[in-house]
Amino acid sequence: MNADHQQLQQQLNHLKQRLPGLSSRLSQAAVELKEAGVPVDERLSEQLIAYRQEFAGLKSRAIELAKTYSVPGVVAPTQISSLHDIQGVLQAIARSGGEVNESQKALYYIDRFLSLTHREQPHFAPLEEAKVKARELRHIILNSSPSNFPPDVPALLSGQHPCCAFLSLIEPGANIADDEWERVVDLCGRAFGKPLALAASRGKLQFSGTVAAPAPTVTAPAPTAPAPTVTAPTAPPPPRRSPEMVVIAGSDESVEPTDTEAEVERLLSQQPSSPPSNLPDVIILPSSDESPSRSQIAPPAPNFAPTPAKMSGLSGVGIEVGLNVLVHIERVGDHQFHEHEFAGTRGKALRLEAFALEIKPPIPGLGIRYLAHIQGSGDTPWVTEGEWVGARGSGLRIEGLAIELTGPEAPNYSVYYKAHIERVGDTQEFSNGQFCGRRGSGMRVEGIEIHIDRN
């Protein structure tokens, strides 16, 4: 059988072997939580998060492989909610005999490479030079018979071609260990040159066009920031003062906002205390396409404080888009910010471990979803408005994120965001599903700033 099918089967078997021990520990934790209120052990929560993310990745790759082999009768992704369902997909692939047009599969990787663009430089010379060679190889494959394919074809089919390694640096769902990441970057540097390998490793390249990609995917190329429609030129916004931090308390009492830096210094100087009663010390599982099972931990809703409606200063634009940004900061805990405010710290070596977003007040037909790249586990599934993404209190850093708008009103708005990254500082501004951060670099995100504008 095809090497891809064998790899997926091995990964599925590995997940099956972990189930008895994981389910036993989860059952015991459920009893302790119910009878004595004992919080779920952090390590167990981490294992549950890892299992959920590995399941989502296995599911997406199995569906992608089924599409490659044109397997008939495969159920819709929303109907695949268990390892048993994934096993059925792999069995359907095996029954098909694994017959696929080899040139078609090889061209998939080449077309994927040709769809790459540079986020900042539309005509990035190293990428354009590599694309010239890729087009030449594509032409050779198209005009060759299986008996005289170039050596690149079997290398592409087995995943051993440098092109496959290069694409793995950019795939949204890739989960590469730090040591393996360094090896792949070095391999790509020798094959494509250091400038192009560095651009890929730093998140400067993105996919565009309609070539199918493993989930999670960004469904449309990110547009450039549109200018607001106004009848007269507008002055740039005034400089913003140090943002305010609202401390989320465990009661309904109002809490006065305080200066971010002073509040963080005060909290760090205190002895650790018990978390507020409405924010239990449990790592929240991110959501995905799978139907939740009864054994999963139900995440509490983030404690968003209400935000009053604010009128825009531009005549005719209407109500400004308000946004609640709740972040979990290392050794500090949960804190709430709003649109345009910097949510986090600078220069204090404190990682962001989780965040949640909510449009407030709501706009009919407009939603928001987001994902994060987590230390040691890779990209989470997309989660919807109001849900936590990340692992609060786990000691795992967020290394990147992506945000996009949803709903029928989404084309009328754009979301913009940037991050403050360890040893890098503030990034440029990203928008509409673009990945912001450093996958596999080992560098923490220390703060984020987000706002939504009407197009």
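In what follows, the structure referred to is the one given above.
The shown structure was predicted, so the numbers you read here are calculated from the model rather than taken from an experiment. (Residues numbered from 1 in each chain as written. Predicted model: local features only at pLDDT ≥ 70, side-chain atom pairs only at ≥ 80, totals over all residues. Heavy atoms only, no water.)

Visitor: Before we move on, could you go through the nonpolar core and cite the residues and values that matter?
Guide: Core analysis: the largest hydrophobic core is formed by 45 residues, its most contacted members being F355 and I448. Elements with a minimum of two residues in this core: β5 (323–329), β8 (352–359), β9 (367–374), β13 (398–406), β14 (413–421) and β18 (445–454). Ranked by the residues each element gives to this core, the list is headed by β8, at six residues. Those residues in contact with F355 that lie beyond four places of it in its chain are L326, V327, Y370, L371, A372, E387, W388, V389, I398, L401 and I448. Within the second largest apolar cluster, 34 residues are counted, among which are Y109, I110, V184 and L205. (Core = buried A, V, L, I, M, F, W, Y, C linked by side-chain atoms within 4.5 Å. Buried < 20%, exposed > 50% of the residue type's maximum accessible area, 1.4 Å probe, protein only. Helix = DSSP H or I, 4+ residues; strand = E, 2+ residues; numbered from the N terminus. Contact = heavy atoms within 4.5 Å.)

Visitor: For helix α9 (residues 194–201), give the residues involved together with the corresponding values.
Guide: Those residues of α9 not exposed but buried are L196, A197, A199, A200 and S201. Once α9 ends, the next one or two residues include G203, with phi positive near 75 degrees.

Visitor: Please give an account of the pattern of salt bridges that cites residues and values.
Guide: Using the criterion set out here, one finds 15 salt bridges in the structure. Taking the shortest distance from any N to any O, the salt bridge between R190 and D186 comes out at 2.2 Å. Taken together, the residues span about one helical turn, with R190 and D186 both in helix α8 (residues 178–192) at a distance of four residues. The exposed category is assigned to R190, whose relative accessible area is 60%. On the basis of relative accessible area, D186 is assigned to the partly exposed category, the value being 43%. With a shortest N-O distance of 2.7 Å, D334 and R392 are connected by a salt bridge. Note that D334 is positioned in strand β6 (residues 333–338) and R392 in the loop between β12 (389–390) and β13, a separation of 58 residues in sequence. For the pair D334 and R392, one class covers both residues: buried. Taken together, the shared-partner salt bridges in this structure form one network comprising E422, R423, R444 and E446. (Salt bridge = Lys/Arg side-chain N within 4 Å of Asp/Glu carboxyl O.)

Visitor: Can you break down empty space enclosed by the protein residue by residue, with the values?
Guide: One pass over the structure, following the stated rule, counts two cavities of 30 Å³ or more. By volume, the second largest cavity is sized at about 30 Å³. If you go around the second largest cavity, the residues you meet are E120, R202, G203, K204, F430, F435, G437 and R438. Residue classes in the lining of the second largest cavity are distributed as two nonpolar, two polar and four charged. (1 Å grid on protein atoms, 1.4 Å probe; cavity = no way out; pocket = protein on both sides within 12 Å on 5 of 7 lines; lining within 4 Å. Points joined across faces, edges and corners; volume = space filled by probe spheres on them. Nonpolar A, V, L, I, M, F, W, Y, C, P; charged D, E, K, R; others polar.)

Visitor: Before we move on, could you go through the pairing of β14 and cite the residues and values that matter?
Guide: Counted residue by residue, β14 has eight buried out of nine residues, so it is predominantly covered. As judged from the nine bridges shared by β14 and β18, these two strands associate in the antiparallel manner. Looking at the pairing, H420 lines up with G447 of β18. In this structure, β14 lies alongside strand β16 (residues 430–431), joined through two bridges in antiparallel fashion. Counterpart to Y417 in the pairing with β16 is F430. In terms of strand pairing, β14 meets strand β15 (residues 425–426) through two bridges, oriented antiparallel. Looking at β15, one finds that H420 is bridged to D426. (Pairing = 2+ DSSP bridges.)

Visitor: Got a sec to walk through the packing of α8 against α9? Specific residues and values, please.
Guide: At a closest axis distance of 7 Å, the pairing of α8 and α9 adopts a crossing angle of 145 degrees. The way α8 lies across α9 gives a crossing that is right-handed. Facing α8, whose interface residues are W181, V185, C188, G189 and F192, α9 presents K194, L196, A197 and S201. Split into classes, the residues belonging to the contact of α8 with α9 amount to six nonpolar, two polar and one charged. (Axes fitted to C-alpha atoms, helices over the stretch in contact; angles between N-to-C directions. Left-handed = near helix turned anticlockwise from the far one by under 90°.)

Visitor: Now, about the side chain of E353: what can you tell me, with residues and values included?
Guide: One can find E353 in strand β8. The class of E353 is buried, set by a relative accessible area of 3%. A polar contact of 2.8 Å, which involves the side chain of E353, links it to the side chain of R351. Once residues within four sequence positions are removed from consideration, E353 is found in contact with H328, E330, V389, G390, A391, R392, G393, S394, G395, L396 and I398. (Polar contact = N/O pair within 3.5 Å; in protein donor to acceptor, adjacent residues only side chain to side chain.)

Visitor: Tell me about the state of the cysteines, residues and numbers included.
Guide: Under the definition given, this model contains zero disulfides. Of all cysteine sulfurs, the one in C164 lies closest to C163, which takes part in no disulfide; the gap is 5.7 Å. On the accessibility criterion, C163 (7% relative accessible area) is buried. The thiol of C188 is not disulfide-bonded; the next cysteine sulfur, from C163, is found 9.1 Å away. (Disulfide = S-S within 2.5 Å.)

Visitor: Any details on the environment of P154? Residues and values, ideally.
Guide: Among the structural elements, P154 can be located in helix α6 (residues 152–158). Overall, P154 belongs to the partly exposed group, its relative accessible area being 47%. Separated by 48 residues in the primary sequence, P154 and A106 have C-alpha atoms spaced 8.2 Å apart.

Visitor: Which residues make up the environment of E32, and what values go with them?
Guide: Within the fold, E32 resides in helix α1 (residues 3–36). Residue classification places E32 among the partly exposed positions, given a relative accessible area of 33%.

Visitor: I'd love a proper account of the packing of aromatic side chains, names of residues and values included.
Guide: Scanning all chains against the criterion turns up five aromatic pairs. Here F113 and F166 contribute two aromatic rings whose centre-to-centre distance is 5.5 Å and whose plane-to-plane angle is 55 degrees, an arrangement assigned as tilted. Of this pair, F113 sits in helix α4 (residues 102–114) while F166 is found in helix α7 (residues 162–168), placing the two residues 53 residues apart along the sequence. There is no split in this pair, since F113 and F166 are both buried. Their ring planes at 35 degrees and their centres at 5.4 Å tell us that F355 and Y370 sit as a pair that is tilted. Highlighted residues: F355 in strand β8 and Y370 in strand β9, separated in sequence by 15 residues. Accessibility assignment for this pair places F355 and Y370 in one class, buried. An aromatic cluster is defined as three or more aromatic residues linked by ring pairs; in this entry it consists of F113, F166 and F192. (Phe/Tyr/Trp six-rings, centres within 6.5 Å; stacked < 30°, edge-to-face > 60°.)

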